[in-house]
Structures are given as C-alpha cells and as structure tokens.
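Analysis of the macromolecular model
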4 protein chains.
Amino acid sequence: MTEGASGDGREPDHIERLRVRFSDTDAGGIAHHSNFFRWLEEARIGFLREIGLSYREIEKSGVHFPVTACTAEFLRTIRSEDKIEIDLWVARSNRVRMNVSYRVRLGSAVAAVATTGHAFVSDAGEPIRLMRDSALWQALTEFNPG
Amino acid sequence: MTEGASGDGREPDHIERLRVRFSDTDAGGIAHHSNFFRWLEEARIGFLREIGLSYREIEKSGVHFPVTACTAEFLRTIRSEDKIEIDLWVARSNRVRMNVSYRVRLGSAVAAVATTGHAFVSDAGEPIRLMRDSALWQALTEFNPG
Amino acid sequence: MTEGASGDGREPDHIERLRVRFSDTDAGGIAHHSNFFRWLEEARIGFLREIGLSYREIEKSGVHFPVTACTAEFLRTIRSEDKIEIDLWVARSNRVRMNVSYRVRLGSAVAAVATTGHAFVSDAGEPIRLMRDSALWQALTEFNPG
Amino acid sequence: MTEGASGDGREPDHIERLRVRFSDTDAGGIAHHSNFFRWLEEARIGFLREIGLSYREIEKSGVHFPVTACTAEFLRTIRSEDKIEIDLWVARSNRVRMNVSYRVRLGSAVAAVATTGHAFVSDAGEPIRLMRDSALWQALTEFNPG
C-alpha cells in the first residue's frame, strides 16, 4: 500500500515543516490519526506555494482536487509541540488524477508514510481534465515526468 | 458576561442532544474548550431545523450570520461519549444582529453557560438588514419579542 | 485496498448513525476527508457500546488500540447536517492486531469505504497480546471467527 | 468585555506567529471561530516556551490550567494560508487563577480580541495554589506584577 511512499529514493519534491498543535492531540495524549491528513494537506499547499502556485487561486479558477483515496501507516506517536517534517513526492499523475506520497518525520525517525489520490473536478464537482498549458499540469509533469 | 444565559428563567427555545466524540477530547483527557463552540453551533442549526428552517437554505439565499462575539464559562469537564444537552435561548436580537445564549448540561449538572453574538451579512460579507417578512426574522421575533 | 470493505456480503456487525456537523466541513463546502476517520472512530466506539463494552473502561484497564494503518476511498461528498450511516465489520484479527472495515452510506448511496488496522498496546505504548479471556478478545472472535 | 485586551498599551508579553491551515476553515470559506481558541492556546504554549517553560513539563509535574472562561470579539475574517500574529498579555493573575488577553492581527489589522481565564488544578482536577517558588508563578509575577 505504501509502495512509492519513499519516492523510490528520489529527493522529496517538497519538505513541509510544521509544529504540532495541542489541539491536534486527543485524550490518548498523542496526535489524533485524522490530523495527519490535515498536515499532509498543508504539505500539498506548501508545495504549491513553493513552486509559485496558490491553492486559493487554483480553487478560484474553478479547479479543485479533492482527496478521493488515501492510505497511511502510522509508525511512531507524535505529541503536542513536536516539530515534524513532511517529505512530499508527486507520484504518477495525469490530467484527470493526481497522486501524492508522503513521509512524516520526527527528526530522522519516520513517524508515518502515506499516500493521497485526487481527482480534478469543477466547481460543480464534475470530473475535468487539466488544460495542457495550465500551471498546475506544467508543475506536475515537471515533477513527475513518468 | 453570562447574564441572560439562563434565559431569565424562560423555558429553553430549543434543546439539542449530542454525544461527545472521542475526537472532541484533547491530551488532557477531556473535551477541548474550543469544541463547546462547535456544539453550540449544532444547537443553533438544530433550533432552526426544529422551527422548519434550514441553515443550508438560509446560507444559499445569501444570508449569513457569522459569530462576531462569544463568551463562555466552563464549570465541569466533559468526556468522550458523554451525552450532553444544550439549552438554547434566542436573546435580544434585531434585524442587524442576533444574540443567543446557551446552557450545556450533563444530566442535571450545568457544564457550561455561553453566549454568541451574530451579525447578518451578505455573501460578500457586507452587513445587511433582515427583511421584515423573512422566515428567520419572523422566527426571531416570535421567540424573543422583547 | 478496500477488499473486504464490503464485509464479503456479511451483514454489518454494527451500524452507527451520525449527523454531520457544520464544523466537519471545510472551505470547499463539504465534509473534510480527515473527519471521515473521526466518524469511523465513533462507529468503533458505538460497536463496543452495543456489545456491552466501554471504550473508556478498556482504556482504563491499560489496553489501547491505536490506529496503525488506514485506507479510504471517498465516492461521494458529504455535507453539513447529512445523516450518515456507517456499516462496520470486524475483519481478520488476532490477539496482537485488529482490523476493521467500514462502509459510509448516505441513504442507499455509498459515500466511502474504508479500513483501519490497530495494534494492542499498553499504557506505555508497548505491544501486548490480549488475554484469551478478555471481553474484547471474546467479542472479536465471536464477530470474526475466521 | 475586552477591556484590557489591548494590554493597556503595554508591549505584548509574547507574539506568536501562525499560518492558518486549510482545515481551520469551514464551509463558509473562512476560519471557523472555534479555531481562534486553538490558536490562542498555541500562543500560550509559545509564550511559556519563550520564557523557558515547557507546557508538557508543567502538565507532567501535576499542574494544569484548563480554560474556565473565555471571551472573544471577531472583527475580521481569516482565511486559509493567512499568516497571523497573536499578541499575548498576561493579565491579573494570582496563585489560584490566571488571566490572559490576546489580540489577533493580520498584518496591522486587528482580526480579533480575546481573553481566557484559567484555574490551576491538580491531576485529579482539584483546585490548587501555585507554590510561591514555582517557575510558573515566578514568570506570571514578572510579567504582571500588579
């Protein structure tokens, strides 16, 4: 399930740094597993920002890419105030779907590996195909030519 | 600050019943204080539903009432799976602003008292005045003629 | 990835009914994908409650079962106030690990299928093996003898 | 209600910088009001960190300071990716209770003013009095000698 989560040895396409919030934790004293998916989202937005794209602008232009599938393996617990790093790789994508893989690190220890799949949809939620000259598609092909 | 939170002895205009989720708790083992405001929101939506109004429909019609102010006193801790009841009272309101007060109960024990203030705004976020014949304004005057 | 998510045609071991909260939604207007995992958690807790076990009591007894892996496919969008039903099946489990699969429905439409994997751990987070006569293990074998 | 929220013209005792997460927003497209309280909490933890105290260590030592009351006025909407600054002032406190006031800024614009009240309690949730020589009490008196 997490094949490719390591990016096949490639350098990450983006590294997002986050400080875990107290409100990310639950009564078990550790970060709630659902919040990992919120952090991955910040990593995606941070990746776009790094390459000069704005998530907000893309959404305003009528292109959305909701999460249609996801997987995660949680290997270590994360606590409030922990400073984590999220390695992000653009994985196999086309003009209809995008896949992203992640590695969440606490220092050198891997705390989680994960993947998300996304479909490109319109404001009305209908499937769309990215324009070949769209900035988003240009970026995706640059980062994952395969 | 919580004057009127008891509704001045009036019967509640609505009682909302909720089961606290595990994800409502934090590392302290108890419900996070921020989540009380999420429950109060459910109580407002439930109140509208009870009187035949749909929050979603009101929003779609271009009328929004974001929280512009709030107060709360937390008197007892609430835990995962607790079944709480939220007494809601429509408080002093006009066609520009709405005030609501609440009492959160765990059985007969009062766990919190709170108030929220709301402004009516358009899709663009501009202040608006409710139409005199709008269903929302009719409901507010019925419940708080003062 | 979602093999078995349908419970192989078996009747669900538990059905959890939930009303989606406004605060479960994000700026896209639909329920945030991370919140599905919070609802699945409520389904697990509800399942335990139905068979006479208390999640809180199990935790107090020093047995925890954090999510160690999860998968989900999101098929339909869910909105605030939607009343959803979560079908839950206990899947292949042993005294060291537990697997659960889910189907989230909005009426008869399937909105998501998902799985979670759990490890049994002590208060200190060390792997443990459930006692053969523990109520939790009795329940798991009853529901998934395979 | 927000008297003192400006710290009476004093320089803030701490300034916390935060980037708003996409998951902090709701279907209205703006940050959910409940999340302001999560950000204020990060500001408190950041303040402690700045003066050499660890929230986690204080909690481990058996001293907790749950929010017992709060107020907020929301003046401007905040959106995903906004970089906000939270000015924090320690307000009137004693060895039994602590008060904190805040100003949330988006650049030079004030987006919210808020206050939180806290009681010092033991692991068992019983009211306690801070030891005169405790690091926390030393810090509180240094920052608000009045």
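Refer to the structure presented above.
Here is what the cut-offs are and how they apply
- Residues numbered from 1 in each chain as written.
- Chains lettered and ligands numbered in written order.
- Predicted model: local features only at pLDDT ≥ 70, side-chain atom pairs only at ≥ 80, totals over all residues.
- Heavy atoms only, no water.
- Helix = DSSP H or I, 4+ residues; strand = E, 2+ residues; numbered from the N terminus.
- Rg over C-alpha atoms; globule rule 2.2 N^0.38 Å.
- Pairing = 2+ DSSP bridges.
- Axes fitted to C-alpha atoms, helices over the stretch in contact; angles between N-to-C directions.
- Contact = heavy atoms within 4.5 Å.
- Buried area = accessible area lost by both parts, 1.4 Å probe.
- Salt bridge = Lys/Arg side-chain N within 4 Å of Asp/Glu carboxyl O.
- Polar contact = N/O pair within 3.5 Å; in protein donor to acceptor, adjacent residues only side chain to side chain.
- Nonpolar A, V, L, I, M, F, W, Y, C, P; charged D, E, K, R; others polar.
- Least-squares fit on C-alpha atoms with pLDDT ≥ 70 in both.
- Buried < 20%, exposed > 50% of the residue type's maximum accessible area, 1.4 Å probe, protein only.
- Phe/Tyr/Trp six-rings, centres within 6.5 Å; stacked < 30°, edge-to-face > 60°.

Let's shift gears to the overall build of chain A. Secondary structure summary: chain A contains three helices and five strands in total. Tracing chain A from N to C terminus, the helices and strands come up as β-α-α-β-β-β-β-α. Compactness check: chain A gives a C-alpha radius of gyration of 15 Å against a globular reference of 15 Å for 146 residues, within 12% of the reference. Taking the principal axes of its C-alpha atoms as reference, chain A extends roughly 45 × 35 × 25 Å.

Ordered in space as S1(A)-S3(A)-S4(A)-S5(A)-S2(A)-S2(C)-S5(C)-S4(C)-S3(C)-S1(C), the ten strands form an open sheet in which the pairing is antiparallel. A strand with exactly one partner marks an edge of an open sheet, and here the two such strands are strand S1 (14-19) of chain A together with strand S1 (14-19) of chain C. Taking each pair of neighbouring strands and ignoring which way they run, the sheet shows an average axis angle of 20°. Relative to strand S2 (residues 67-74) of chain C, strand S2 (residues 67-74) of chain A runs antiparallel, the two being bridged by five bridges. Of the residues in S2 of chain C, the one forming a bridge with Ala-72 of chain A is Cys-70 of chain C.

At the junction of the two partners, chain A supplies 17 residues and chain C supplies 17 residues. Summed over both sides, the interface between chain A and chain C buries roughly 1,600 Å², with carbon and sulfur atoms accounting for 57% of that surface. Linking chain A to chain C there are zero salt bridges. Remark: the boundary between chain A and chain C carries ten residue pairs in polar contact (both at pLDDT 80 or more). Of all the secondary-structure elements, those providing two or more residues to the side of chain A that touches chain C are helix H1 (33-50) and S2 of chain A. No other element matches the eight residues that S2 of chain A contributes to the side of chain A that touches chain C. The residue makeup of the side of chain A that touches chain C, split by class, is seven nonpolar, six polar and four charged.

Across the sheet, ten strands lie side by side as S1(B)-S3(B)-S4(B)-S5(B)-S2(B)-S2(D)-S5(D)-S4(D)-S3(D)-S1(D); this open sheet has antiparallel pairing. Each end of this open sheet is capped by a strand with a single partner; those strands are strand S1 (14-19) of chain B together with strand S1 (14-19) of chain D. On average, adjacent strands in this sheet sit at an angle of 20° to one another, irrespective of strand direction. With six bridges connecting them, S1 of chain D and strand S3 (residues 83-91) of chain D associate as antiparallel partners. Within S3 of chain D, the position partnered with His-14 of chain D by the bridge is Leu-88 of chain D. Together, S1, strand S2 (67-74), strand S3 (83-91), strand S4 (97-106) and strand S5 (109-119) of chain B together with strand S2 (67-74) of chain D form the strand contacts of helix H1 (residues 33-50) of chain B, whose direction differs from that of S1 of chain B by roughly 130°.

In this assembly, 18 residues from chain D lie in contact with 18 residues from chain A. Roughly 2,000 Å² is buried in total at the junction of chain D and chain A, and carbon and sulfur atoms are behind 41% of that figure. Inspection of the region where chain D meets chain A yields six salt bridges. Among the ionic pairs, Glu-81 of chain A bridges to Arg-49 of chain D, the shortest N-O distance being 3.1 Å.

Tallying each qualifying case throughout the model produces 36 salt bridges over all chains. In this structure, Arg-105 of chain B engages Asp-87 of chain B in a salt bridge whose closest nitrogen and oxygen atoms are separated by 2.7 Å. Taken together, the residues Arg-105 of chain B in strand S4 and Asp-87 of chain B in strand S3 connect sequence positions 18 residues apart. Look at the salt bridges and you will find they share partners, linking Arg-17, Glu-85, Asp-87, Arg-103 and Arg-105 of chain A into a network.

Relative to chain C, chain A is turned by 180° and slid 0.0 Å along the rotation axis, the superposed coordinates differing by an RMSD of 0.0 Å. In the structure described here, the two chain copies are related by an operation that fits a two-fold rotation axis. It is Thr-71 of chain A whose C-alpha, among those of chain A, lies nearest the rotation axis, at 2.1 Å.

When chain D is fitted to chain A, the best match, at an RMSD of 0.0 Å, comes from turning it 180° and sliding it 0.0 Å along the axis. Looking at chain D, 100% of its interface residues are interface residues in chain A too, so the copies touch through the same face.

As a further point, take the environment of Val-90 of chain B. Residues and elements named next belong to chain B. In this fold, Val-90 is placed in strand S3. For Val-90, a relative accessible area of 2% corresponds to the buried category. Sequence spacing of Val-90 and Tyr-102 is twelve residues, and the spatial spacing of their C-alpha atoms is 8.9 Å. With residues near it in sequence (within four places) discarded, Val-90 still touches Arg-10, Asp-13, Phe-47, Asn-99, Leu-140, Phe-143 and Asn-144.

What follows covers unusual backbone geometry. Residues and elements named next belong to chain A. Positive phi is not limited to glycine here, since Glu-81 has a value of about 75°. Looking at where Glu-81 falls in the secondary structure, it is placed in the loop between S2 and strand S3 (83-91). Judged by its relative accessible area of 16%, Glu-81 falls in the buried class.

This brings us to the packing of aromatic side chains. With the rule as written, the count across this model stands at 26 aromatic pairs over all chains. The interplanar angle of 85° and the centroid separation of 5.3 Å between the aromatic rings of Phe-22 of chain A and Tyr-55 of chain D together place this pair among those described as edge-to-face. Placement of the pair is Phe-22 of chain A in the loop between S1 and H1 and Tyr-55 of chain D in helix H2 (residues 55-60), with the two residues belonging to separate chains. In this pair, the class of Phe-22 of chain A matches that of Tyr-55 of chain D, namely buried. Summarising the aromatic geometry, the rings of Phe-36 of chain D and Phe-74 of chain D are spaced 4.9 Å apart at their centres and angled 65° between planes, so their arrangement reads as edge-to-face. Residue Phe-36 of chain D is located in helix H1 (residues 33-50), and its partner Phe-74 of chain D is located in strand S2; the two are separated by 38 residues in the primary sequence.

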